[in-house]
Amino acid sequence: MTARDWLGATTALLDTELGVLAARCPHCQGYLELRPLAGRVDIGYRVGKENHHFEVALTLPYPGLAVNRLETAIQLSAGDDAWEWSV
């Protein structure tokens, strides 16, 4: 699956501080956490309570992906595609 496919499978904004989204695999219904960044989407998981961070397991390129992180929302765009999630 491409980074665009994963963003299309996203179901919720999980963590505004880290910019982490929840997604469900359309093939197996497995749960994944994504962190979109400019030009790429990282797939991984959140860890830690005191040292809260995102561990990356896989990075998928997404040329042209722009990310706008707000206090309670995240907005993404790339070409004609656009997504927005809020808490």
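Now for a look at the structure at hand. (Residues numbered from 1 in each chain as written. Predicted model: local features only at pLDDT ≥ 70, side-chain atom pairs only at ≥ 80, totals over all residues. Heavy atoms only, no water.)

Helix and strand content of the chain: one helix and eight strands. Secondary structure elements in the chain, listed N-terminal to C-terminal, are α-β-β-β-β-β-β-β-β. Whereas a compact globule of 87 residues would reach a radius of gyration of roughly 12 Å, the chain reaches 12 Å, a difference of no more than 12%. For the chain, the spread of C-alpha atoms along the principal axes amounts to about 40 × 30 × 20 Å. Here the analysis covers contacts within the chain between residues at least 6 apart in sequence; of these, 36% occur between residues at least 24 apart. Summing over all exposed atoms, the chain offers an accessible surface of approximately 5,100 Å²; the carbon and sulfur share of this is 49%. Mean positive and mean negative side-chain charge positions of the chain (7 and 11 charges, respectively) differ by 4 Å. (Helix = DSSP H or I, 4+ residues; strand = E, 2+ residues; numbered from the N terminus. Rg over C-alpha atoms; globule rule 2.2 N^0.38 Å. Contact = heavy atoms within 4.5 Å. Areas by Shrake-Rupley, 256 points an atom, 1.4 Å probe, with all protein chains shown as cover. Lys, Arg positive; Asp, Glu negative; His and termini not counted. Charge placed at Lys NZ, Arg CZ, Asp CG, Glu CD.)

Here three strands make up an open sheet; going across it, the order is β6-β7-β8 and the pairing antiparallel. The open sheet has two edge strands, β6 (66–69) and β8 (81–86), and neither has a second partner. Recorded for the sheet is a direction-independent mean angle of 10° between the axes of neighbouring strands. Pairing of β6 with strand β7 (residues 73–78) involves four bridges; the strand directions are antiparallel. Its bridge partner lying in β7, R69 is registered against I74. (Pairing = 2+ DSSP bridges. Axes fitted to C-alpha atoms, helices over the stretch in contact; angles between N-to-C directions.)

Our next topic: the side chain of D42. Residue placement: D42 occurs in strand β4 (residues 40–47). A distance of 2.8 Å separates polar atoms of two side chains, one belonging to D42 and the other to T59. Leave out the neighbours within four places in its chain, and D42 touches E33, L34, R35, L37, F54, V56, L58 and T59. (Polar contact = N/O pair within 3.5 Å; in protein donor to acceptor, adjacent residues only side chain to side chain.)

The subject of this paragraph is the environment of D42. The class of D42 is buried, set by a relative accessible area of 1%. For the pair D42 and Y31, spaced 11 residues apart in sequence, the C-alpha separation works out to 14 Å. Only 3.0 Å separates the side chain of D42 from the side chain of R40, close enough to count as a polar contact. (Buried < 20%, exposed > 50% of the residue type's maximum accessible area, 1.4 Å probe, protein only.)

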